[in-house]
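Residue-level structure breakdown
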Amino acid sequence: MVSKLRASSPFVQRHVVPCISRMTYFVGPRQMLAGASSSDQRPPSPPPSPWCTDCCRRSYGSKTKIELDPPTPTFPMTPPSPIAPYLRSSLTGIFDPATNPNNVEFCLSFLGTSSGSATMHRNASCTALRLGGMTYLFDCAEGTNRQLLFSRIGMSSISRIFVSHLHGDHVYGIVPLVLSIQVAAKLAKQAMEQNPRRGRKRRSPIMIEERPTLEIFGPPGLYNYIAMTLALSCAKLNYLNVVVTELVGGREERGQTTNTAGGLGNGRRGRRNVFLSHYPEVETGLLKKGYLEKNNEDVWIISSPQPIDEKLIENEMLIQENGFRDLPNEVNKSFDRRLFIKAAELDHLSGVQTFGYTVEELTPPGIIDAEKAKSLGIQPSKKYSLLKCGIPVTNDDGSAIIEPSQVLTQTFRARKFAFLPDHRRIPPPMAELCANADVLIHEATLSIKDGIDKVKIRGHSTAYNAGLAGKNFGCKVVVLNHFAATSSNEENVDEVVQEALDGNGGVSQVVASYDFMELWVPRGGFEFDVCQQTDSDKQGLNNNEDNAVLSCLFPDDKINSLV
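Now for a quick tour of the structure. (Residues numbered from 1 in each chain as written. Predicted model: local features only at pLDDT ≥ 70, side-chain atom pairs only at ≥ 80, totals over all residues. Heavy atoms only, no water.)

1. Observations concerning the sheet that holds strand β18 (residues 477–481)
In spatial order, the strands read β9-β10-β11-β16-β17-β18-β19; together these seven strands make up an open sheet with mixed pairing. With one partner strand each, in any of the chains shown, β9 (300–303) and β19 (509–512) form the two edges of the open sheet. Neighbour-to-neighbour, the strand axes of the sheet open up by a mean angle of 20 degrees, direction not taken into account. Here strand β10 (residues 339–349) pairs with strand β11 (residues 352–361) via nine bridges, running antiparallel. Bridging from a neighbouring strand, Ala 343 pairs with Tyr 357 of β11. The sheet contacts of helix α12 (residues 463–473) involve β16 (416–420), β17 (439–443) and β18, and relative to β17 the element is tilted by about 150 degrees. Contacts between helix α13 (residues 490–504) and the sheet are confined to β18 and β19, with β19 contributing the most and set at about 160 degrees to the helix. (Pairing = 2+ DSSP bridges. Helix = DSSP H or I, 4+ residues; strand = E, 2+ residues; numbered from the N terminus. Axes fitted to C-alpha atoms, helices over the stretch in contact; angles between N-to-C directions. Contact = heavy atoms within 4.5 Å.)

Below is the structure:
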């Protein structure tokens, strides 16, 4: 179901602000809001300019669905969803304390939720994972720069970009963004030099070195695309180090091999492969290229920190002149946090190397009862950090060993999110990475009504498959993304959500994403009471011939037919 987000301030009610509710589309301050009385109706006016004319603040011309206070709906409202308290707007003009706007230690912001091309209400693909003062971007479509200007995400906080594949609606915004990050890094550096004390408190992840660094990960050909675009547009990288790491060894990394006119012609004798070839004439000094091979399990390990255990404590943490060092699983460490980041292949289209990504944190520290610890002979010190991480310590006089269970009042499990962009099949390695994710972002381009032939031809999945994937993977929340242009109104989106709910069977919370929607994951992850399907329900789904589209989700024997 689509959850509601109350926005009752005068500014929100008078201006164009995309929020999350079930009211209506509202494109200007002079048009009628759904639910208003007949006496409040005014003749419709032309759609306003994206720039606000009533005050000096900017207002974005996106879909507005806001709830009046008090609400006067014209149709029965659905009951609140358990996921509703975790949804909010990421716009700079919306700041509702009830939605925990300052909690960004594990937060997903949707900057673009459309499919192949942008629409009036949705930009093309871009999703941000906010981790305190650090931000990761997943895909970067054209227009991402502008979306960031309206959000609470700072350019200089972006330290890594993960590209799923090289289709234009996922990569055309990456070069402008790189240049904007370079400008933001320069300005932030200047501000820090002018006010060093303020700079130390607000330093960004790309500023920890003398020359800041931005890391980009993606399929083969990504480096050539960035280097060629910079060279042909006469753009210069003169301050920002950019390291492009290509994930090599995939089954589609050589691209298309067709010999037909208009194709890349990689099958022709003597022609270079544009994805893998080396072009020294477009190289620039600050743009570096690297490679990452997959492991024996067909998984690319981008980041894999050592777990917090006694061996790590003995080898690294305690051997310090000043005692203990901060542990890498502290949720407030910003860009010093260590995360498990992995990638695996998705089957999108023949010749299009496509990756999905998962991000999982180290197990967060628990909550300690300080009074109980003091009574056991441990005064406040770095030993508390070890106890929070489950490591036993000796008390201050060395007379006893204190177990974490003696002083911890609450423990947390690690949070995890999975990003599945364009695909028609999820291979087993990617399916294993998605297991038990708190949030699964899954495309919902097609409908089960389109049939399996359309899934094969277009290389996109259905909303039903999104719900089914969430159920099979044991995900807490399924966020539908990458909407087709046909999902342009409330009724269409409701149909997409209902289709996903049918596939999910009540195992997960299902949410339709909108531009500037934000989902924050609480420490310890989501804990929802879900309805488990009976064996008879599962058997009924498996025997339903109308759900034949699902056959493209897992089986390996279908791989040859999806070409």
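2. Section: the nonpolar core
With 62 residues, the main nonpolar core has Phe 417 and Leu 480 as its most contacted residues. Broken down by element, the residue count for this core peaks at five residues, all from β10. Look past the residues within four positions of Leu 480 in its chain and what remains in contact with it is His 442, Ala 444, Ala 466, Val 496, Val 497, Ala 500, Val 510, Val 511, Ala 512 and Ser 513. Counting 33 residues, the second-largest nonpolar core is a separate cluster that includes Leu 137, Met 155, Ile 226 and Val 242. (Core = buried A, V, L, I, M, F, W, Y, C linked by side-chain atoms within 4.5 Å. Buried < 20%, exposed > 50% of the residue type's maximum accessible area, 1.4 Å probe, protein only.)

3. Topic: the packing of aromatic side chains
Throughout the structure, instances matching the rule amount to twelve aromatic pairs. Their ring planes at 80 degrees and their centres at 5.2 Å tell us that Phe 138 and Phe 417 sit as a pair that is edge-to-face. Taken together, the positions of Phe 138 in strand β4 (residues 134–138) and Phe 417 in strand β16 put the pair 279 residues apart, joining distant regions of the chain. Accessibility assignment for this pair places Phe 138 and Phe 417 in one class, buried. Ring centres of Phe 526 and Phe 528 lie 5.2 Å apart, and the angle between their planes is 15 degrees; this geometry places the pair in the stacked category. As far as the burial class goes, Phe 526 and Phe 528 line up, both buried. The rings of Tyr 136, Phe 138, Phe 162, Phe 217, Tyr 357, Phe 417 and Phe 419 are connected pair by pair, giving a single aromatic cluster. (Phe/Tyr/Trp six-rings, centres within 6.5 Å; stacked < 30°, edge-to-face > 60°.)

4. A look at the pattern of salt bridges
For the coordinates displayed, the defined rule picks out 15 salt bridges. For Arg 415, the salt bridge identified is with Glu 105, shortest N-O distance 2.9 Å. Here the residue Arg 415 occupies a position in the loop between β15 (408–410) and β16, and Glu 105 occupies one in the loop between β1 (87–89) and β2 (107–112), the gap between them amounting to 310 residues. For the residue pair Arg 415 and Glu 105, the accessibility class agrees, reading buried in each case. (Salt bridge = Lys/Arg side-chain N within 4 Å of Asp/Glu carboxyl O.)

5. A short note on the side chain of Thr 358
For Thr 358, the location among the structural elements is in strand β11. With sequence-adjacent residues up to four places away left out, Thr 358 is seen in contact with Phe 340, Ile 341, Lys 342, Phe 417, Ala 418, Met 430, Leu 433 and Cys 434.

6. Examining the pairing of β19
Consecutive side chains of a regular strand alternate in pointing toward one face of the sheet and then the other. Alternating residues of β19 divide into Gln 509 and Val 511 and Val 510 and Ala 512, and every residue in both groups is buried. One crossover worth recording links β18 to the parallel β19 by way of α13, and it is right-handed. (Right-handed = clockwise from strand over helix to strand, strands pointing away.)

7. Topic: unusual backbone geometry
Look at Cys 234: it is not a glycine, yet its phi comes out positive at around 55 degrees. Structurally, Cys 234 can be placed in the loop between α6 (222–232) and β7 (241–248). The backbone of His 482 sits at a positive phi, close to 60 degrees, despite the residue not being glycine. You can see His 482 is positioned in the loop between β18 and α13. What makes His 482 buried here is its relative accessible area of 4%.

8. Overview of the sheet that holds β2
Spatial ordering of the open sheet is given by β1-β20-β2-β3-β4-β5-β6-β7-β8, a layout of nine strands whose pairing is mixed. Looking at which strands have only one partner, the edges of the open sheet turn out to be β1 and β8 (287–293). Averaged over all adjacent pairs, the angle separating strand axes in this sheet is 25 degrees, with direction ignored. Where strand β5 (residues 158–162) lies against strand β6 (residues 213–218), three bridges are found, and the strand directions are parallel. Within the sheet, the bridge partner assigned to Phe 162 lies in β6 and is Phe 217. Most of the contacts of α6 go to β8, to which it runs at about 170 degrees, and overall it touches β6, β7 and β8.

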